Every structure is written in structure tokens, then in C-alpha cells.
Amino acid sequence: MLDEPEISHIYFKQLVCLLKKNTETQNNKNILTSVRQLYISLWILYVWCRTGNNLESAYLSSEFAVLNAWDISKELHKNNGKENKFIIEVLVKIIRLHTQILFDFTLKLRPLIFNLYGVSHAINSSCSVDVNIKLFDILGRLSLAGLWMYFDLENLKLLNASEKELQLAENGLLSIQNLLKTLISNNPLLYTPYKDDHAIDISMAIFLLALNKQNQECIKAWLIRMAFMISFLFRRHGYYPNNIHDYHNLIEHPKEVTEDYRKEVTKASILYPMLAFFAGLFKSDEIYQAVQNICADYLPHCTLQLWYPDQASEQYFYNDEQPHGAAFANFYLTELDKENFLQLVLNECNQSQDFYELSAIKESCWPIIMIACRYYRLPLPLHFFKDKFL
């Protein structure tokens, strides 16, 4: 089924669910067997995909494998038994295989990125919605590749690695950041998110780019143009960001050029509060004013919200079996200046300490949280930005 990656991935997910059932007794031998079988299965799928020159199923399955392998083994980090050690070793191998697949995907993408509209054309669809959705998907994946590089660089520093190793890691990170900026500049559809949850991919890209202060002007230019393009699309009743999840309805958006329709498909948003947060983070009055104008002119009915992990998040973040997290929505963006809005967000982060109770955070394996956000379409916790940049 490699020519149908989504179907192939569904079958892999079914296999993973069967393997997880063997771990319900919390027997360490069963857990070790299951994670080993998961690792072998992912390797087999990866080899098949590589042979078929189509990594899509392997990539999606590697994300799902990492999340579920972590979910199976997360409690074992507290113990030092022999089997626990083997389980953690296999978990590390699964993560490394995921990053290998991710970087293979990036290498295939690299030649296209340097051509104007190269990636857009390679998506090979006459429907702009298909191109837009895939471009933001690629934006998220490329950002994740860079974030794993940054993770490795930080670990090398902790291990007192040689100057040569550190320089290679820094060069790799810089290369991915430059690749990301080129992807954005060469594919203008990345200035116009069609879906509200594209805020997730945008947030990951901004986190990666902001690791280098020299990228701040580039980030602000991207966000300013994005805000102006969104305003233009609202004004012209074009492909403005929406909450539509059904594909058939999405490609027909906007079905009606009416206020009632607009209200129906923009009931809530994580995109505009996120853009406003970045305006405060990078001290841009222009971005903040543009977002305020959008909210005042077109979205007075919209429930603007930010998302924070809650007490249930540790149980469900890695498997998505139940909804979790808490929405913060009791604020009026149009009535706050950017400094007060930024402080409001930071105060909520300080009140919401469940983020720091997530096992991936406690075990210093934070990219797993970003995988979960990308894969399950959860907003990126703003604690990442608070702890790194503020």
C-alpha cells in the first residue's frame, strides 16, 4: 500500500494498537517485547518506503511510533531495572529512526525549496487548497527537523563535545533555518493560512527561527505580510482562515459571501491570539495592530483562545485517546495593548504548571511534545517561548 500512504499508515496504526494491548498488564517483559516489535515493524516499513521512493507512510508512522513508544515506557524512567534499561534503549532507537526518516524526507525536499514555487509545483495539484494544506504540513515537518537538530546541539553542549562536533551541529541547525526561510519566501501561499490550526505549524517554525536573533526581522516580515493577506481575504470573502475540518467543505470555502457564513466557519480561533502573542514577543506594534483590526472588523463573534496542558495531559498527550488541556478564552484582544496582552499570556503560563509535569518535559525530551502537537493538531504550549525567549 505504499502508493496509498494514508492507508498504509492506518494499517501501521492498527498494528501499534495491537502491540500496545500486550502492555496493559504493565509486565516489563511484555513491554520490552512490544517496543522491540514496534521498532522492527517501523524499520521494515521504512525500508519498503525507501525502496518505493515514497517516504510518506514511513514518516507519519514514525511520529506515531515515537509517541506510542513513549506512552508505553514513560513510567520506566523512574526505575533502573535491567529490563527497563533495555526498554529505554529501544525507545532511543525508535526516536533515532524517526529522525533518520525525517532527515531523509528533508534531503528529498531540499532541491525543490531553492526554486521559486518549486515545492508548490511538486505537490502536483490544481487545487490551491491542496497546495496550501501540504505547504503548511511541510513547514511543520521541516521545523521539527530543525528542532531535533537544536535538541542534539544542546545535548552535545551538556556532554562537553569537541569544538568540531559543536560546529557541525551548529552549521546543520543554521542550514535548516535558512532552508525554512527559503521555503517561505519561495512559496507565497505560506503567507495565507487557509486553516486556523495552521497556527501550530507557524508556531513551530517561529520557535525554530527565533533561536537565532538575526532571524527576528525575517519573522516579523512574514507575520506582517500574513496579517495583511488575511485581512485582504476577509475583505474579499476569499480563502480566509477557518475551522472547517471536512475536506469537501474546505475546498468549497467560502460557500457563501455572507456574514452568517463567516460567523459559522470562524466561531473560534487559536491563530489570532498566537499572532498577537508573537507581536508582543517581538515588540511589533504593526503586527499587533493588524491582528486587532482583523478581530475588530471581521471577528467580533469569534472566541479567541489559547491552549494550555492540564492534569489529564500527561495521560493523553501521547495517545490522544481523550480530549485534554484547558482553553484560556477570557480576554478581549481589541481592548488590550500588546504589552498587557503579553503579560496576560505569561501570567497564565505561570499559573498553568501542568506543562512541567509532562514526562517528556521532565525527562528533557521536549521534541516529543512538539511531535504530539504536530501529529494530533494541538496548539504548541506557550511555555516553550516563555522559558526560551522571556
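This text follows the structure it describes.
Computed from a prediction, not measured in an experiment: that's the story for all the values here. Counting restarts for each chain, with residues numbered from 1 along the sequence as it is written. Since the coordinates come from a predicted model, pLDDT governs what is reported: local features require at least 70, and pairs of side-chain atoms require 80 or more to be given and counted, while whole-chain, interface and lining totals use all residues. Side-chain numbers come from the whole structure's heavy atoms, not from hydrogens or water.

J.: Before we go on, may I ask you to explain the pattern of salt bridges in this structure?
T.: Note on pairing: side chains with opposite charge can pair once their charged atoms come close. Any carboxyl oxygen of Asp or Glu within 4 Å of a side-chain nitrogen of Lys or Arg constitutes a salt bridge here. Counting across every chain of the model gives 20 salt bridges. Notably, a salt bridge pairs Glu154 with Lys157, separated by 3.6 Å at the nearest N-O pair. Of the two residues, Glu154 and Lys157 both sit in helix α6 (residues 128–158), three residues apart, roughly one turn of that helix. Residue exposure (1.4 Å probe, protein chains only): buried if accessible area is under 20% of the type maximum, exposed if over 50%, otherwise partly exposed. What makes Glu154 partly exposed here is its relative accessible area of 28%. The residue Glu339 makes a salt bridge to Lys338 at a minimum N-O spacing of 2.8 Å. Given the relative accessible area of 48%, Glu339 is considered partly exposed. Taking the relative accessible area as the measure of exposure, Lys338 reaches 9% and is therefore buried. Members of the salt-bridge network, linked through shared partners, are Glu56, Glu63, Lys134, Asp137, Arg141 and Arg374. Put simply, DSSP H or I for four residues or longer makes a helix, DSSP E for two residues or longer makes a strand, and each gets a number counted from the N terminus.

J.: Just checking my understanding: could you explain the side chain of Ser352 for this structure?
T.: Among the secondary structure elements, Ser352 is positioned in the loop between α15 (338–351) and α16 (359–362). Given a relative accessible area of 10%, Ser352 falls into the buried group. At 3.3 Å, the side chain of Ser352 forms a polar contact with the backbone oxygen of Pro309. Throughout, a contact is declared for two residues whenever any of their heavy atoms are within 4.5 Å. Not counting the four nearest positions on each side in its chain, Ser352 is found in contact with Tyr308, Pro309 and His383. Identification of polar contacts relies on pairs of N or O atoms within 3.5 Å, with a donor-acceptor requirement for protein atoms, meaning one able to donate a hydrogen and the other able to accept it, and with residues adjacent in sequence counted only if both atoms are side-chain atoms.

J.: Explain helix α7 (residues 163–186) to me, please; I cannot follow it from the model alone.
T.: An α-helix turns once every 3.6 residues. As a result, residues three or four positions apart point the same way. For α7, spanning 24 residues, the distance from its first C-alpha to its last is 34 Å, which sits close to the expected 34 Å at 1.5 Å a residue. Within α7 the residues assigned to the buried category are Leu166, Ala169, Gly172, Leu173, Ile176, Gln177, Leu179, Leu180, Thr182, Leu183, Ile184 and Asn186. Where α7 is buried, its residues contact α4 (82–113), α5 (118–122), α6, α8 (198–210) and α9 (216–235). What a helix is expected to span follows from its residue count: subtract one and scale by 1.5 Å.

J.: Looking at this structure, I do not really get the packing of aromatic side chains. What am I missing?
T.: Aromatic ring pairs are described here by two measures, namely the spacing of the ring centres and the angle between the planes. Note on aromatic pairs: the rings of Phe, Tyr and Trp (six-membered ring only in Trp) are paired at centre separations within 6.5 Å, and the planes decide the class, stacked below 30 degrees, edge-to-face beyond 60, tilted for the rest. Scanning all chains against the criterion turns up 27 aromatic pairs. Ring geometry for Tyr150 versus Trp366: centroids 6.0 Å apart, planes at 50°, classification tilted. Within this pair, whereas Tyr150 is found in helix α6, its partner Trp366 is found in the loop between α16 and α17 (367–376), the two being separated by 216 residues in sequence. On the basis of relative accessible area, Tyr150 is assigned to the buried category, the value being 9%. Arranged with centres 5.4 Å apart and planes meeting at 65°, the rings of Phe207 and Phe389 form a pair that is edge-to-face. Of this pair, Phe207 sits in helix α8 while Phe389 sits in helix α18 (residues 383–389), and the two are 182 residues apart along the sequence. Its relative accessible area of 3% is what places Phe207 among the buried residues. We count a charge as sitting over a ring when the NZ of a lysine or the CZ of an arginine lies within 6 Å of the ring centre and within 35 degrees of the ring normal. Over the aromatic face of Phe64 sits the side chain of Lys13, whose NZ or CZ is 5.6 Å from the ring centroid. Taking the ring centre of Tyr240 as reference, the NZ or CZ of Arg262 above it sits at 5.7 Å.

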